Amino acid sequence: MRIGVIMGTGHGSTGTTGALVTQLLERVRAVDPSLTVEVDVVTTDDLDLGPSCPACLSCMTAGEQSCPSFERTSPARALMDAADLVVFATPVHSFHVSATMKRFVDHFAYLIHRPAYVGKPAVLVSTAAGAGHDAALGYLSSAVRRWGFHTVGQLGVNGPGLAKAPYREKVDRALDELVRTLHAQALDPVEPKQTVADLIGFRVARLLVEGGRSEGPVDAAYWDERGWFDADWFSDRPVPKLANRIAAMVEKKIRAGIEEGSAKPWTGGRARG
Ligand SMILES: Cc1cc2nc3c(=O)[nH]c(=O)nc-3n(C[C@H](O)[C@H](O)[C@H](O)COP(=O)(O)O)c2cc1C
C-alpha cells in the first residue's frame, strides 16, 4: 500500500497537524503488520512556491510544463501519481485551509481542466484551536474532487482539546474509524456514485475545455484522447439517470447564460427590491 501525504503546514511533521497525521499512519501500519505500507510526504512549504501562483494560466493553455514553478511542484505531482490514497492535511487558518495549502491547490488548477485522479481516494485532515474544520475541509474536498479524487474520510481535531481525556478518547475512536476506511479504500478503491454536483462539474469542465480550444489545444487534446467529449463522466462508472438529467438541464442554463448573457451577477442569492 502506498500512501501520499500532502502536509499543508509551516510546522511540517512536528506541529499539531503533523502529529495527527503521524498517529493516523501509525494506526494504518498496526492494522496489518504483514502489509508493507510505503508513505511519501510532501510538505507544501518545502515546494518553495513563492508568494502565490503567478496566475499566468499557461498551465492550462500550454500545458503544466510551462508553469514557472513546474519543477518545484513535480515532487507533489509524483507523490499523487504514485499513491493508492492521498492524505491532504492542513491547519485551519482564519476558517480556511492554510495559505501554503491554498498555494499548493492553485498550482494544480490545470487539473480542473485535465483531471488525473478519477477513482483515487483521498482522506482529509485538519487541526485547529477550536473551529473552522467544516469550511476548510469542505473547500479541500471540492477542490480535490475537481482533480478526480473522491473523499472517503475526514477528520478535524482541536489541538488544545486533546489534553482532556474524554475528547482524546473520541479522537482515538474517530482515528480508528478513519483508519478502517482508509485501509479498505487504499487496497480496493470504490468509485462512489456520482452526485448531481459531480455531474454538473463534469459538464462545466467540458464547457470550459470546449470554449478554450482556440486559446490552447492542450486541454481539448486531453479530452479527445479520453473520449470525454462524447461521455457523461470521466470513467466508465455508469451515471445515475435522474442526476444526469438534472445536470444536463443545469448545463443548458449555464450555456445560455454564457452565450446569451442571461447569467446574473452573484449577489448572495437574495432577491433585491
Ligand atoms: C494565522 C492563523 C490562523 C488561525 N485561524 C484559526 C481558526 O480560524 N480557527 C481555529 O480554530 N484555529 C485557528 N488557528 C490555530 C491553528 O489552526 C492550530 O493551532 C493548528 O492546530 C496548528 O497546526 P500546525 O501546528 O500544524 O500548524 C490559526 C492559527 C494561525 C497561525
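As the structure is a prediction and not an experimental result, all values here were calculated from the model.

J.: Can you break down the UniProt feature "domain: NADPH-dependent FMN reductase-like" (unreviewed entry) in the protein residue by residue, with the values?
T.: Sites flagged by UniProt as "domain: NADPH-dependent FMN reductase-like" (unreviewed entry) map to residues 1–154. Across residues 1–154, the secondary structure splits into 39% helix and 21% strand, with the terminal C-alpha atoms separated by 20 Å.

J.: Account for the site of the ligand, with residues named and values stated.
T.: Taken together, 15 residues lie near the ligand, and Thr17, Val92, Ser94, Thr127 and Gly130 sit nearest. Ser94 is positioned such that a nitrogen or oxygen atom in its backbone is 2.8 Å from a nitrogen atom of the ligand. One of the side-chain nitrogen or oxygen atoms of Thr127 is found 2.7 Å away from an oxygen atom of the ligand. For the ligand, the protein covers 67% of the area, taking 660 Å² as the surface of the free molecule. Residue assignment for the shell around the ligand shows that the elements contributing at least two residues are α1 (16–31) and β4 (121–128). Here the residues of the shell around the ligand sort into 6 nonpolar, 9 polar and no charged.

J.: Summarise the domain arrangement of the protein; cite the residues concerned and give the values.
T.: The domains assigned to the protein are domain 1 (2–187) and domain 2 (196–260). For domain 1 and domain 2, the distance between their C-alpha centroids amounts to 27 Å. Taken together, the contacts link 12 residues of domain 1 with 16 residues of domain 2. Both faces combined, the contact of domain 1 with domain 2 buries some 1,100 Å², and carbon together with sulfur accounts for 58% of it. At the boundary of domain 1 and domain 2, one finds 2 salt bridges. Across the pair Asp219 and Arg114 runs a salt bridge whose closest N-O atoms are separated by 2.5 Å. Summed over the shared surface of domain 1 and domain 2, the result is 6 residue pairs in polar contact (both at pLDDT 80 or more). Contributions of two or more residues to the side of domain 1 that touches domain 2 are made by α2 (58–61), α5 (110–113) and α6 (133–146). In terms of residue class, the side of domain 1 that touches domain 2 is built from 6 nonpolar, 3 polar and 3 charged.

J.: How would you summarise the packing of helix α8 (residues 196–211) against helix α10 (residues 241–260) if you had to cite specific residues and measurements?
T.: Direction vectors running N to C along α8 and α10 enclose 35 degrees, while the axes themselves pass 9 Å from each other. Between α8 and α10 the crossing geometry is right-handed. Contacts from Val196, Leu199, Ile200, Arg203, Val204, Arg206, Leu207 and Glu210 of α8 reach α10 at Ala243, Asn244, Ile246, Ala247, Ala248, Val250, Glu251, Ile254, Arg255 and Ile258. Each residue belonging to the contact of α8 with α10 can be placed in one class, and the counts come to 12 nonpolar, 1 polar and 5 charged.

J.: Quick one: what's the story with the environment of Arg168, residue by residue and with numbers?
T.: Residue placement: Arg168 occurs in helix α7 (residues 165–187). On a C-alpha basis, the gap between Arg168 and Asn158 in space is 9.9 Å, while along the polypeptide they are 10 residues apart. If we skip the residues at most four places from it in the chain, Arg168 touches Gln23, Leu162 and Leu175.

J.: Would you mind going over the nonpolar core in detail, with residue names and values included?
T.: In this structure, Ile6, Met80, Phe88, Phe104, Trp147 and Phe149 are the most contacted members of the largest nonpolar core, which totals 32 residues. Every element with two or more residues in this core is listed here: α2, α3 (70–82), β3 (85–91), α4 (99–107), α5, β4 and α6. Of all the elements, α6 adds the most residues to this core, at 5 residues. Ignoring any residue separated from it by four or fewer positions in sequence, one finds Met80 in contact with Val86, Phe88, Phe104, Phe108, Tyr117, Lys120, Trp147 and Phe149. Ranked by size, the runner-up nonpolar core spans 23 residues in total, among them Val21, Val87, Leu178 and Leu182.

Reading guide: rules and limits
Residues numbered from 1 in each chain as written. Predicted model: local features only at pLDDT ≥ 70, side-chain atom pairs only at ≥ 80, totals over all residues. Heavy atoms only, no water. UniProt positions renumbered as here; feature names shortened; annotations may be inferred. Helix = DSSP H or I, 4+ residues; strand = E, 2+ residues; numbered from the N terminus. Near = heavy atom within 4 Å. Polar contact = N/O pair within 3.5 Å; in protein donor to acceptor, adjacent residues only side chain to side chain. Areas by Shrake-Rupley, 256 points an atom, 1.4 Å probe, with all protein chains shown as cover. Nonpolar A, V, L, I, M, F, W, Y, C, P; charged D, E, K, R; others polar. Domains from an automatic or database assignment. Contact = heavy atoms within 4.5 Å. Buried area = accessible area lost by both parts, 1.4 Å probe. Salt bridge = Lys/Arg side-chain N within 4 Å of Asp/Glu carboxyl O. Axes fitted to C-alpha atoms, helices over the stretch in contact; angles between N-to-C directions. Left-handed = near helix turned anticlockwise from the far one by under 90°. Core = buried A, V, L, I, M, F, W, Y, C linked by side-chain atoms within 4.5 Å. Buried < 20%, exposed > 50% of the residue type's maximum accessible area, 1.4 Å probe, protein only.

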